[in-house]
Structure formats: structure tokens, C-alpha cells
Amino acid sequence: MVMYKVALIPGDGIGKEVIPEAVRVLKQTNLNFDFSFAEIGYDVWKKTGQSVTEDTLEEIKKNQAILFGATTTPNGIKNYKSAILTLRKSLDLYANIRPIKSYQIKGIRNDIDLIIVRENTEGLYSEIEFGDNNSVYTIRVITKTASERIAKVAFNIANTRRKKVTIVTKTNILRKSCGLFRDTCLNIQKEYPDIETNEMYIDTTALNIIIKPEYFDVILTTNLFGDILSDEAAGLIGGLGVTPSANIGEKYALFEPVHGSAPDIAGKGIANPMAAILSAVMMLQYFQEKKYADKIENAINIVLKEAKYLTPDLGGNNTTKDFTDAVISSLDF
Ligand code: ATP
């Protein structure tokens, strides 16, 4: 039987609470996992001066996939490099895929099903900044190569769905950087003639995601725009506690909830583990274990529909563990 080697990086705050729950669910399957733990983030930086050490990176690279919780990026510390950005760049995880889909949550409309495909290695997250006390500059890097490969991911995903791609830009202002991104994406579109493609400005998109989310199938965009739109869109389907993501490269793949370390609720045992469990589901889809992926998703929907074991973010008063226990009880393998 296949053995899946998976690095677990719970990280900080609620990352430490939700990743063990996702692992608990994965262990209910008949699949073989070889889990190993890795530590990255601010505590590691305090000891070593790096948020991700080279040794840890080498260990992580021995795995087929990574299940990541969240790390806190401290504000105002010079030279601190975000651990997750370091991983995304070092492992060349160039495609950030964030599905925004309606689950059976009370009060949530049931017709939302879009995917945000975000370039994950450059843009305004280039971490190239300089300046003095009077003026500072952040470099927005857009390259043809990176735009081409993220566009291919988006068009390939659209090909399996409703065949519609919206390229989100601000080409009326960011003429050169957004212009190169848009033109490169449109060039790739020529290889996918039956996919309906249009361009929409980021501000218009931010509005339309709220007033007509059903319009969107696949949103293809740059790093910061994708980050902001995915938090916004998460609000439509129940918030950050329910939104998973995948970071995919040619060699490695990392799965993580969209949420951060949530210092306001960390340690209370009430974080919603659904986004972490769904990130594990995305990992199973990546491993082509569709049967298990579908069954876990189905169990989550049963628990949401019954609404007996919900965490406070979904209007319940249950704990992280209660929710996972209910999902495990609803599994039908
Ligand atoms: P970071 O700096 O690590 O990104 P943050 O506080 O900026 O952390 P999030 O951690 O994403 O951002 O939290 C934003 C809000 O969403 C917080 O109020 C948090 O409690 C809530 N939240 C995030 N994840 C969850 C979750 N899994 N369950 C319940 N609430 C959550």
C-alpha cells in the first residue's frame, strides 16, 4: 500500500489546536501516512536568527506534502522574514488555490462556488523594500514566467469547472505590472479557446464578490489582490474558520487553512478546525484519494446541517474537539 510522507507544521496560536484535529480525521482513513513534525516561525527565529532554518527546510523537502497551521509574523521586527512566505518561495509553491464554496451552514447562501487562483511567489510580496524615514519603496515584481505558469493553473482548473476565468487587475493605474500580468494571461488563454475570459479591476471585483458571487468561476490574480479577495470571500461562506487552501509547486505542495494564528482565541479550545480539516481534504485530492476526500467533506456537511456541535464562530458553543468528534462520528468509509 502507498505510504504518504507528510510534514506537519502546526506553527503558532490556533495552528497548534487545529492541525492535530485534521490529523485525527486523516487517521480514520485506511491510508498509510508517515507524519513528521517541523518547527518554523518566530520562536525558531529567536533561537537561530532564521524563521525557517536550512536543516528544517531539508527535512521538509523529504516529504510529498506539508500540512501547515499558521505562524504569527511579529510586527516591527527588522529583518524578520515571514516563515510562510519563506516556505512558499523556497519550495517554489507558485500556485495558491483557495476554493470558496457554500457548505451547509445556516444563513449562508447555498450557491457560492468559486476558486481564487493567486500567484504566490512575487507581486507586492516580493519582500524587496528600501528607503529611509521619509520615503520607502516596495517593489512589485511581475514576471512573464510566473504569470504564465499561474495562468495555466487557472485555465486548467476552469477546464474542469464552469469554464470561466476572470483576470483581476488594476491595469488602468498599474499599467506596466498589471499590464504584463493581464497580457500574459490572455496569451495563455489562446491555448484554451473554449474558456470564457474577461478582465475585471480589483475594486470592482471586491464589490461583485459581495453582490453577485455566482458570477465567478475561477478568479486569476496577483499575490496581494488574491490574499485580500480570499479573506473577503471567506466572509460569504462562514468566515476564516471554514476556508482551506493549497499551495502547489512542481515538486512540493503545502496545505493550510486561510486563517492566521488568531491570537484572540488561541488557547481557549474553541477554534473552528473545519478549515484545517478541509485543507487535509485538499491534500487527499492532491494524492488522488478522491473517495476519502469526498467522504470527509460529506461528514463535515452532516455536522453543519445538524448544527449540534458548532464552534462559536458558526454560532454554536462547542469546542474544537467536539466538532472533530462529530465529524469522525459522521464518517462512513
Ligand atoms: P495572523 O497575524 O497570524 O494572520 P490575525 O489575527 O491577523 O493572525 P486571523 O488569525 O486570520 O488573523 O484571525 C482573524 C479573525 O478571525 C480573528 O478574530 C480570529 O479569531 C478569527 N478566526 C480565524 N481563524 C479562526 C478559526 N479557525 N475559528 C474561529 N475563528 C477564527
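Residues numbered from 1 in each chain as written. Predicted model: local features only at pLDDT ≥ 70, side-chain atom pairs only at ≥ 80, totals over all residues. Heavy atoms only, no water.

In terms of helices and strands, the protein chain carries 11 helices and 12 strands. Principal-axis analysis of the C-alpha atoms places the extent of the protein chain at approximately 55 × 50 × 40 Å. Counting only contacts in the protein chain whose residues sit at least 6 apart along the sequence, the fraction spanning at least 24 positions is 74%. Here the protein chain has roughly 15,200 Å² of accessible surface; of this, 51% comes from carbon and sulfur atoms. Counting 39 positive and 41 negative side-chain charges, the protein chain places the averaged centre of each group 2 Å from the other. (Helix = DSSP H or I, 4+ residues; strand = E, 2+ residues; numbered from the N terminus. Contact = heavy atoms within 4.5 Å. Areas by Shrake-Rupley, 256 points an atom, 1.4 Å probe, with all protein chains shown as cover. Lys, Arg positive; Asp, Glu negative; His and termini not counted. Charge placed at Lys NZ, Arg CZ, Asp CG, Glu CD.)

As a volume, the largest pocket reaches approximately 1,100 Å³. At the level of elements, β3 (65–70), α4 (83–90), α8 (223–234) and β12 (253–257) are the ones that each hand at least two residues to the lining of the largest pocket. Classifying every residue of the lining of the largest pocket gives 12 nonpolar, 10 polar and 10 charged. In this structure, the lining of the largest pocket is formed jointly by two domains, domain 1 (1–112 + 236–333) and domain 2 (120–223), each of which donates at least three residues. (1 Å grid on protein atoms, 1.4 Å probe; cavity = no way out; pocket = protein on both sides within 12 Å on 5 of 7 lines; lining within 4 Å. Points joined across faces, edges and corners; volume = space filled by probe spheres on them. Nonpolar A, V, L, I, M, F, W, Y, C, P; charged D, E, K, R; others polar. Domains from an automatic or database assignment.)

Let's shift gears to the environment of Ala-233. Tracing the backbone shows Ala-233 in helix α8. With sequence-adjacent residues up to four places away left out, Ala-233 is seen in contact with Ile-100, Ile-116 and Ile-209.

Take the domain arrangement of the protein chain next. We note that the domain assignment places domain 1 (1–112 + 236–333) and domain 2 (120–223) within the protein chain. Using C-alpha coordinates to define each centre, domain 1 is positioned 25 Å away from domain 2. Between domain 1 and domain 2, the contact holds 16 residues from the first and 13 residues from the second. In this assembly, domain 1 packs against domain 2 so that about 1,300 Å² is buried in total across both faces, 56% of it on carbon and sulfur atoms. On the domain 1 side of the contact with domain 2, Lys-89, Tyr-94 and Leu-236 bury the most area, a combined 43% of that side's loss. If you look at where domain 1 meets domain 2, you find three salt bridges. (Buried area = accessible area lost by both parts, 1.4 Å probe. Salt bridge = Lys/Arg side-chain N within 4 Å of Asp/Glu carboxyl O.)

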